[in-house]
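Analysis of the macromolecular model
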Amino acid sequence: MDTFLNYLDGDRVIYTFVLTWVVASSIWVVLDWLGNPSRGAFRPKGERYAGTWREGRAARRRMVQEDDAAVRTTLRDAYGVSSLQTGWTRDREARVLDSDDLLVRNRPAPTPTKKQRRFVRLPELRPEELIVPSEPVLATYNQSQPIQAPQAILPRGRWHLGLDPLMLSAGGASPTVATVRSRVWKNHANEHFWGTQNQERMRTGKPPRRTNPGTGKIETAAVDRISTRPYWKSAAVDPFGDTT
């Protein structure tokens, strides 16, 4: 007993305490390493772009431009202007609108191939062949009278989530291409098939992205300006075609 007390005397107690914790910590580290299925070093991954270094730099620059355009679109929806700066003028507003339109303007979708249809010319209907000659002939074509397409009546006022993306302002001004596209993404942000990351982008008015299955590169979704229907550029949809 005296020998044990002498052993624990002085600096030996400190050395024993430190050595015990070092051994216990080493055992805990080894057990944690054995129980962790992912034993590699943690390396956070950002957005990766397939292609050359120049293509990746251009994609990052475009992402920054899209973020700025989304902020300006939100300000236009709320206050009618793209910036709240004191010296903001109409000329600067016009230049910003032009730059945003150029940023979001997409290449036209490829024209879908259509089957050739055979048209049969019907014989002209003469008045004496009618059952009731006194009644005028209905649905006849008059070449001198131009055909006028019916104009859609669009709502006016301040746009908010769920309304028509083509909604006019209170003064009757049409929204810009950038504004329409931002509204479309916000309206479709609750659709789960876009993915969680894309939904977060769409809630701020940014377009979703995906890896092109054919080229392996990152592509951005587009919006048809007339029908306001979203589509992927690699799988363009005819806006006037039948929906399935």
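It should be noted that the structure appears before, not after, this text.
We now turn to the structure provided with this report. (Residues numbered from 1 in each chain as written. Predicted model: local features only at pLDDT ≥ 70, side-chain atom pairs only at ≥ 80, totals over all residues. Heavy atoms only, no water.)

Bringing the pattern of salt bridges into the picture now. Taken as a whole, this structure holds 10 salt bridges when the rule is applied. For Lys217, the salt bridge goes to Glu55, with nearest N and O atoms at 3.5 Å. Of this pair, Lys217 sits in the loop between strand 1 (209-211) and strand 2 (218-220) while Glu55 sits in helix 3 (residues 53-79); the two residues are 162 residues apart in sequence, bridging distant segments of the chain. Looking at Lys217, the relative accessible area reads 39%, which means it is partly exposed. A relative accessible area of 36% places Glu55 in the partly exposed class. Residue Glu66 is joined to Arg209 by a salt bridge in which the shortest nitrogen-to-oxygen separation is 3.2 Å. Separated by 143 residues along the polypeptide, Glu66 in helix 3 and Arg209 in strand 1 bring together distant segments of the chain. Neither residue differs from the other here; Glu66 and Arg209 are each classed as buried. (Salt bridge = Lys/Arg side-chain N within 4 Å of Asp/Glu carboxyl O. Helix = DSSP H or I, 4+ residues; strand = E, 2+ residues; numbered from the N terminus. Buried < 20%, exposed > 50% of the residue type's maximum accessible area, 1.4 Å probe, protein only.)

The buried count for helix 5 (residues 177-187) comes to nine of 11 residues, which makes it a mostly enclosed element. Within helix 5, the full set of buried residues consists of Ala178, Thr179, Val180, Arg181, Ser182, Arg183, Val184, Trp185 and Lys186.

This part covers the packing of aromatic side chains. Scanning the model with the defined rule gives four aromatic pairs in all. Taking the centre distance of 6.2 Å and the plane angle of 70 degrees together, the rings of Trp21 and Trp28 count as edge-to-face. Between Phe193 and Trp194 the ring centres are 5.2 Å apart and the planes differ by 35 degrees, which places this aromatic pair in the tilted class. Put simply, the rings of Trp185, Phe193, Trp194 and Trp232 pair up and form one aromatic cluster. (Phe/Tyr/Trp six-rings, centres within 6.5 Å; stacked < 30°, edge-to-face > 60°.)

Here helix 3 crosses helix 5 at 95 degrees, and the two axes come no closer than 10 Å. Classed by the angle they form, the pair helix 3 and helix 5 counts as roughly perpendicular. Contacts between helix 3 and helix 5 involve Thr73, Thr74, Arg76 and Asp77 from the first element and Ala178, Thr179, Ser182, Arg183 and Lys186 from the second. A class-by-class count of the residues in the contact of helix 3 with helix 5 yields one nonpolar, four polar and four charged. (Axes fitted to C-alpha atoms, helices over the stretch in contact; angles between N-to-C directions. Parallel < 35°, antiparallel > 145°, perpendicular 65-115°, else oblique. Contact = heavy atoms within 4.5 Å. Nonpolar A, V, L, I, M, F, W, Y, C, P; charged D, E, K, R; others polar.)

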